[in-house]
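Spelled out from the first residue to the last, the chains are:
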Amino acid sequence: MTQPEFKLVTLGRLRLVDGAGNTVSFPEKGLLILAHACLKNWERKSRTEIARQFWADVDQAQASANLRKTVSRISDRQAQLDFRPFEFDSRSVAVSQSAFRHDIDELTSVEGVSPLDHFLKLAGLLQEEFLSDVRAHDETLNGWIEDRRNECFAMLREAFLGAAEAVPEAHRSVFKTVAMRLLDRDSGDETVRAAITSIYDYQGYGQEERGLDVRGLQAGRRLPAEAAAAAIQLEGETRRPPRMVLLPPKISGNSADAYGAALVEDVTIGLCALRSVSVLAPYTAAQIAGRANKSQSYERHSISYVLETRITDEAQGHTLFAQLIFFGNDEIVWADRFNIAEAGLIHSRRELAGKIASAISRQVERNELQRLFFEENAAAYKHFLIGQQTLTFLDLARVRRARGHFREALKEQSSFAPALSGLARSFFFEWLLTARGDSELLSLAERHANDAITANSSLAPGYRELGVVKLYQRQYDESIAFLSTAEKLSPNHANILASHADTLVQASQPGEGLEKIKAALDLNPLAPDEYFWTAAGASYSLEKYEEALGYIDQMKDKLPADRLAAASWGMLGNAKKAKQFVASTFEVHPDFSLEKWMSIVPFKEDWQKAHYLEGLKSAGFK
């Protein structure tokens, strides 16, 4: 008997393929009906029943009309392809399952196959979920799809455990990937967890973990009453652990490529052994890494933590830099740098992976109350995230747009401290960008920063914004004090380090400021423009004019730094270049006044202000 040419694919994206494996166009509703017929094992159904089941989101008359249109499209396409799985009459729909092949059949053909080969086959077939792209409106249909997904995962789990006793080195990566998917679906599956940690001989990874001690974490920290109450209410109950994504490493240099991939695999397995986090499957992580707007993916997949790694070539070997970012407020809650030994690579990899996994476990526990605070205010949190993303560019229109999102967040939760901090920052940015010395904007920034601290004194951004405002109010000691408090609360928060660096530069300590902004850039190499602007200002004050221009050149929007660029070119004696930036400044600010600008520049000591004024005059400002 000749094998049917066409195959219905339901594992992953629903589609029809021909004998060469090419996707063949066919009405999607028709393919869904075929899949349902195969898996529910029916040959004929009434039109009324099909209309009700596959168009449940509309009334019966509209559903019947939709079915008639679909039947017409299917009939036309069947004639074009000479492929006739459907037969229609005025009352019913019939399906001939012998007219095509079905990928689900391949899951059951395991006679005479070894446990390892059976597992590898299932792992290949079940790389994606059953009907991964189908989102039906009918509860019965959705329930059927979810039941089939559960059946597929159960088959995969059984095959995984059946083959886990003796895993060849060549196939360990496949076992790792499947274990991650199984644990992502059920983080409490201790049998799978034990199997994968046994395969990799990493049983010790979870030993340092402790249960979340909510009362201990609250000691010395003042949180909103509703967040603390939520945390206490959850104490002792089974809770969904926070989700983490491990992005593929950024690797500088060819010699580290193979080592880097193996190291990340070891770290991933180490994280699998932890009970305090749930790790997103590697396939999904790789997809997220390739997207321009990762924030949307983090929100869609309910990701709380992002682990980023970088491997760089050094004179003495390689260096691994790892940082754990809490997505809620874009804070780096942990970061460390490791030297990678050239000798004993397997041992050094696993030792590093163990250190990273243990450090992550501790930091996640310490950060749990903050995560609860953000996630208990979901609607406000969403508006805050949009505002925060909009505020990454130093552009007046975007700054005001971001302010609107922060205000929407506060409509949802009037004491949502992150949004109050965002409002403060938006008013400060407007003050900076308009360059008019408008004291009312600074006052508004100060008020909202104080409100943020009152709302939640355990979060660092309020102290950061207040420190920035105090700087431009010429209260240098208070500015440094508030920023030091922010840095103590979040010692690895790159944005806070950047603001602290800016204060040090303006307080006539440009050397210390440059060192701190370099530390911030190390933590956040794809930094917002303000980092490079601060670094440029520090370099200028240290008479490193070419370095200053180099930092300005890294800004996406260089317009805010036109005055500094003009001064740098002026001090280098390049009048032609300097005049270009003078002209650009007047294009943006036609009423720009050198005297007024110098009156608001917040340098603490006269020598620094005189040095800046010299550069501006050399450039051609009068």
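On a predicted model such as this, the values are computed, not experimentally measured, just so you know. (Residues numbered from 1 in each chain as written. Predicted model: local features only at pLDDT ≥ 70, side-chain atom pairs only at ≥ 80, totals over all residues. Heavy atoms only, no water.)

1. Points about the overall build of the chain
Here is step 1: For the chain, the count of helices and strands is 27 helices and 13 strands.
Here is step 2: Burial status across the chain gives 53% buried among its 622 residues.
Here is step 3: Nonlocal contacts in the chain, meaning residues at least 24 apart in sequence, comprise 65% of its contacts between residues at least 6 apart.
Here is step 4: Carbon and sulfur atoms provide 48% of the accessible area of the chain, an area that totals close to 28100 Å². (Helix = DSSP H or I, 4+ residues; strand = E, 2+ residues; numbered from the N terminus. Buried < 20%, exposed > 50% of the residue type's maximum accessible area, 1.4 Å probe, protein only. Contact = heavy atoms within 4.5 Å. Areas by Shrake-Rupley, 256 points an atom, 1.4 Å probe, with all protein chains shown as cover.)

2. Here's the deal with the confidence of the model for the chain
Here is step 1: Scored by pLDDT, the chain comes out at a mean of 81, with 83% of its residues at no less than 70.
Here is step 2: Within the chain, helix α8 (residues 214–218) has the poorest average pLDDT of any element, 32, and helix α24 (residues 562–571) the best, 96.
Here is step 3: Ignoring residues within four places in sequence, the model shows residues 202–238, a span with pLDDT below 50, making 68 contacts including any to other chains. (pLDDT = per-residue confidence, 0-100.)

3. Quick notes on empty space enclosed by the protein
Here is step 1: For the coordinates displayed, the defined rule picks out 4 cavities of 30 Å³ or more.
Here is step 2: Lining the largest cavity are 28 residues, with L432, Y472, D502, Q506 and W533 positioned closest to its centre.
Here is step 3: Considering only residue class, the lining of the largest cavity consists of 19 nonpolar, 4 polar and 5 charged. (1 Å grid on protein atoms, 1.4 Å probe; cavity = no way out; pocket = protein on both sides within 12 Å on 5 of 7 lines; lining within 4 Å. Points joined across faces, edges and corners; volume = space filled by probe spheres on them. Nonpolar A, V, L, I, M, F, W, Y, C, P; charged D, E, K, R; others polar.)

4. Description of the packing of helix α5 (residues 139–163) against helix α6 (residues 172–185)
Here is step 1: Running from N to C, α5 and α6 point in directions that differ by 135°, and their axes come no closer than 11 Å. Of the possible angle classes, the one that applies to α5 and α6 is oblique. Between α5 and α6 lies a crossing of left-handed hand. The segment α5 lies against α6, with E146, R149, N150, F153, L156, R157, F160 and A163 engaging F175, V178, A179, R181, L182 and R185.
Here is step 2: Of the residues assigned to the contact of α5 with α6, the class counts are 8 nonpolar, 1 polar and 5 charged. (Axes fitted to C-alpha atoms, helices over the stretch in contact; angles between N-to-C directions. Parallel < 35°, antiparallel > 145°, perpendicular 65-115°, else oblique. Left-handed = near helix turned anticlockwise from the far one by under 90°.)

5. Some remarks on unusual backbone geometry
Here is step 1: With phi around 55°, N41 is a residue other than glycine that occupies positive phi space.
Here is step 2: By the element assignment, N41 lies in the loop between α1 (28–40) and β4 (44–46).
Here is step 3: When its relative accessible area of 62% is taken as the criterion, N41 is described as exposed.
Here is step 4: Within the chain, E543 stands out as a residue other than glycine whose phi angle is a positive 65°.
Here is step 5: Considering the arrangement of structural elements, one finds E543 in the loop between α22 (529–541) and α23 (545–553).

6. Side note on the packing of aromatic side chains
Here is step 1: Inspection of the entire model under this criterion finds 22 aromatic pairs.
Here is step 2: Taken together, a centroid distance of 4.6 Å and an interplanar angle of 35° make the contact between F6 and F83 tilted. In this pair, F6 is assigned in the segment before β1 (7–9) and F83 in the loop between α3 (60–81) and β5 (86–88), connecting sequence segments 77 residues apart.
Here is step 3: The class of F83 is buried, set by a relative accessible area of 3%.
Here is step 4: The ring of F427 has R403 lying over it, and the distance from NZ or CZ to the ring centre is 4.0 Å.
Here is step 5: A cation over an aromatic ring shows up here: R563 above the ring of W597, its NZ or CZ 4.1 Å from the ring centre. (Phe/Tyr/Trp six-rings, centres within 6.5 Å; stacked < 30°, edge-to-face > 60°. Lys NZ or Arg CZ within 6 Å of the ring centre and 35° of its normal.)

7. Re the sheet that holds β4
Here is step 1: Spatially, β4-β6-β5 is the arrangement adopted by the 3 strands of the open sheet, whose pairing is antiparallel. This sheet does not close on itself; its edge strands, each paired only once, are β4 and β5. Going from strand to strand, the sheet's axes swing by 20° on average, the running direction of each strand aside.
Here is step 2: Of the pairings in the sheet, the one linking β4 to strand β6 (residues 92–95) comprises 3 bridges and is antiparallel in character. Paired with K45 across the strands is V93, a residue of β6.
Here is step 3: Together, β4, β5 and β6 form the strand contacts of α1, whose direction differs from that of β5 by roughly 100°. (Pairing = 2+ DSSP bridges.)

8. Quick look at the nonpolar core
Here is step 1: In terms of nonpolar packing, the biggest core is built from 117 residues, with L307 and Y612 touching the most fellow members.
Here is step 2: Sequence-distant contacts of Y612, that is, excluding residues within four places in its chain, are made with Y540, R563, L564, A567, W597, M598, V601 and F603.
Here is step 3: In terms of nonpolar packing, the next biggest core, distinct from the first, is built from 58 residues, F83, I104, L107 and I196 among them. (Core = buried A, V, L, I, M, F, W, Y, C linked by side-chain atoms within 4.5 Å.)

9. Points about the sheet that holds strand β2 (residues 15–17)
Here is step 1: Strand order in the open sheet made by the 4 strands is β3-β2-β1-β7, with mixed pairing throughout. Edge strands, defined here as strands with exactly one partner in the open sheet, are β3 (23–24) and β7 (101–102).
Here is step 2: Inspection of the sheet shows β1 paired to β7 by 2 bridges, in the parallel sense. Each residue of the ladder has a partner; that of L8, found in β7, is H102.

10. Brief notes about α3
Here is step 1: The end-to-end C-alpha distance of α3 is 31 Å, a good match for the 32 Å that 22 residues give at a rise of 1.5 Å each.
Here is step 2: Within α3, the full set of buried residues consists of A63, A65, N66, L67, T70, V71, I74 and Q78.
Here is step 3: Taken together, the buried residues of α3 touch α1, α2 (47–54) and β5.
Here is step 4: D82 sits one or two positions beyond α3 and adopts a positive phi of about 55°. (Expected span 1.5 Å × (residues − 1).)

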